[in-house]
Amino acid sequence: MNTQFLMIGALLVGAAAQPLSGHHSFAAEFDASKPVTLKGTVTKLEWANPHIWVYLDVKDEQGSLQHWQCEGGPPNTLTRNGWTTNSLKPSDQVTIDGVLAKDGSKTCNARTVKLPDGRSVFAGSSGGDNPPPPKP
Amino acid sequence: MKKYFAVSLVAALAMGVVVPLLAAGQQEFRPPAGPTPRTPSGKVDFSGVWQKPYVPDMTKSGKDQQGLAELPFTPWGEAEWKKYDAAEGDYTGACLPFGMTRSVNTPEPMQIMQSDRYFAFLFEQNSWFAVVPIDGRPHRTGIPTWFGDSVGHWEGDTLVLDTSNFNGKTRLDTIGHPHSTELHLIQRFSRPDLGHISYEITVDDPKTFTRPWKNTRTFTLRPDWEMMEYSCEENNKSLWEGRIKVPKYPK
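Residues numbered from 1 in each chain as written. Chains lettered and ligands numbered in written order. Predicted model: local features only at pLDDT ≥ 70, side-chain atom pairs only at ≥ 80, totals over all residues.

## Brief notes about the overall build of chain A
Keep this limit in mind: Strands are runs of DSSP state E lasting at least two residues, helices are runs of H or I lasting at least four, and both sets are numbered from the N terminus onward. Contacts here follow a simple rule: the backbone-placed C-beta atoms of the two residues must lie within 7 Å.
Summing up its helical and strand segments, chain A has 3 helices and 6 strands in all. Reading the secondary structure of chain A in the N-to-C direction produces α-α-β-β-β-α-β-β-β. Taking all contacts inside chain A whose residues are at least 6 apart in sequence as the whole, residues at least 24 apart take part in 60%.

## Here we look at the overall build of chain B
Basically, it comes down to this: Partly exposed residues are those falling between the two cut-offs: more than 12 but fewer than 20 other C-beta atoms within 10 Å of their own, whereas 20 or more means buried and 12 or fewer means exposed, with C-beta atoms placed from the backbone.
Scanning chain B from N- to C-terminus turns up 5 helices and 10 strands. The 251 residues of chain B split such that 35% are buried. Sequence-distant contacts, at least 24 apart, represent 59% of the contacts inside chain B between residues at least 6 apart.

## Focus on the nonpolar core
Going by this rule: Only buried residues count toward a nonpolar core: Ala, Val, Leu, Ile, Met, Phe, Trp, Tyr and Cys, linked into one set through C-beta atoms within 7 Å.
Core analysis: the largest hydrophobic core is formed by 29 residues, its most contacted members being Leu159 and Ile197 of chain B. Elements represented by at least two residues in this core include exactly helix 4 (99-105), strand 4 (118-123), strand 5 (129-133), strand 7 (158-164), strand 8 (184-193), strand 9 (196-204) and strand 10 (213-221) of chain B. The element contributing the most residues to this core is strand 9 of chain B, with 4 residues. Here Leu159 of chain B is in contact with Val44, Phe46, Phe119, Ile134, Gly152, Trp154 and Phe189 of chain B, once residues within four sequence places are set aside. Counting 24 residues, the second largest nonpolar core, distinct from the first, contains Leu78, Trp83, Ile96 and Ala110 of chain A.

## Digging into the pairing of strand 9 of chain B
Residue and element names in this part refer to chain B. What counts, and what does not: Strand pairing is assigned whenever DSSP detects at least two bridges linking the two strands.
Burial of strand 9 is one-sided: the residues Ile197, Tyr199, Ile201 and Val203 facing one way are buried, the residues His196, Ser198, Glu200, Thr202 and Asp204 facing the other way are not. Sheet analysis places strand 8 next to strand 9, joined by 8 bridges and oriented antiparallel. By the bridge assignment, Ser190 is partnered in strand 9 with Ser198. Across 8 bridges, the pairing between strand 9 and strand 10 is antiparallel. Considered in strand 10, the bridge of Glu200 is made with Thr216.

## Let's talk about the pairing of strand 8 of chain B
Residues and elements named next belong to chain B. Pairing geometry for strand 7 and strand 8, over 5 bridges, is antiparallel. What sits directly across from Leu159, in strand 8, is Phe189. Here strand 8 folds back onto strand 9, and the loop between the two strands holds 2 residues.

## Quick word on the environment of His177 of chain B
Residue and element names in this part refer to chain B. For His177, the location among the structural elements is in the loop between strand 7 and strand 8. Overall, His177 belongs to the buried group, with 22 C-beta atoms counted inside 10 Å. Distance in space between the C-alpha atoms of His177 and Met58 is 8.1 Å, their sequence separation being 119 residues. With residues near it in sequence (within four places) discarded, His177 still touches Met58, Leu71, Trp81, Arg171 and Leu172.

## Topic: the environment of Gly98 of chain A
Residues and elements named next belong to chain A. Inspection of the secondary structure assignment puts Gly98 in strand 4 (residues 93-101). Separated by 68 residues in sequence, Gly98 and Phe30 have C-alpha atoms that sit 9.8 Å apart. If near-sequence neighbours (up to four positions away) are discounted, Gly98 is found in contact with Val36, Cys70, Cys108, Asn109, Ala110 and Arg111.

Written as structure tokens, this is what we have:
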């Protein structure tokens, strides 16, 4: 069994066990009604609790580079899901599906990351607590 | 082992989808089988690293957990629930202590260590702990705290932890169900076999609810996991950049 095969297996098995983060209220910071897809180049990965942060440069419709940042899960959870500090590296081309922050900044909560090899992996989103239904 | 990984890989690639999301349910961790372990003194031994279901909303039910859909709010409790907005202040996002219920609710594992005198929760979430005397001593009195004051006793093979004296600064769950300083929790632990804990928590708070209510859960032994350090403050960008606010508590 080669190393790559093991790593993918670990991603699958671990993901079934540890899917989410409970650090903060998702609804306090992000707007679940504003999905976003960002296709760009990774510039930095911050691997620290309580959440990893992925920084990426994304070209807007006019072709100019915009600097984005996206929150993922806690390193502990992601480690159990098979992630490592090398899972994303500067210059990697990725596509992140997530939702936008409420404050209008170029910030997102990453649900999935499509890696350079084509696999889409769960990013350990904190979105386990969807916004409550409207209160009468 | 080879077959296990091979099946996972083939299934995922064949579907061409987000791997871990759809893998959930396809691969079920199986804890070791065996009889209920006991301490040298004959008590049920709850020691181990435990996987808990993530319970961001205690009114919902899901895998390994049963909630109560309609909470029996008092008028005060209903008003507290209606006015809650985490965007105005999110104490866990600010790395303040989660308190007892939200620590147990987290998806991060917890380790239990136990002697004849003490039962210790070691929560991975923010590396917090709670130590509970189980030797029959009464509740301490003193300044109310985030985790409250817990004591435990045995009812046959069930360990019952009783917690009160909360400071009222926490919420019961991530979505923000309220409680008051009159909160009284009863947590019941039993271990039907080596691999599982049956857990029941009763929320008793006469200021917030007209009657006590329960959640039940199953915890799974994870001998393949070790507890990891979790510093909430290390990179809490969301707080530093103003997207999460610290709640304003009366002083």
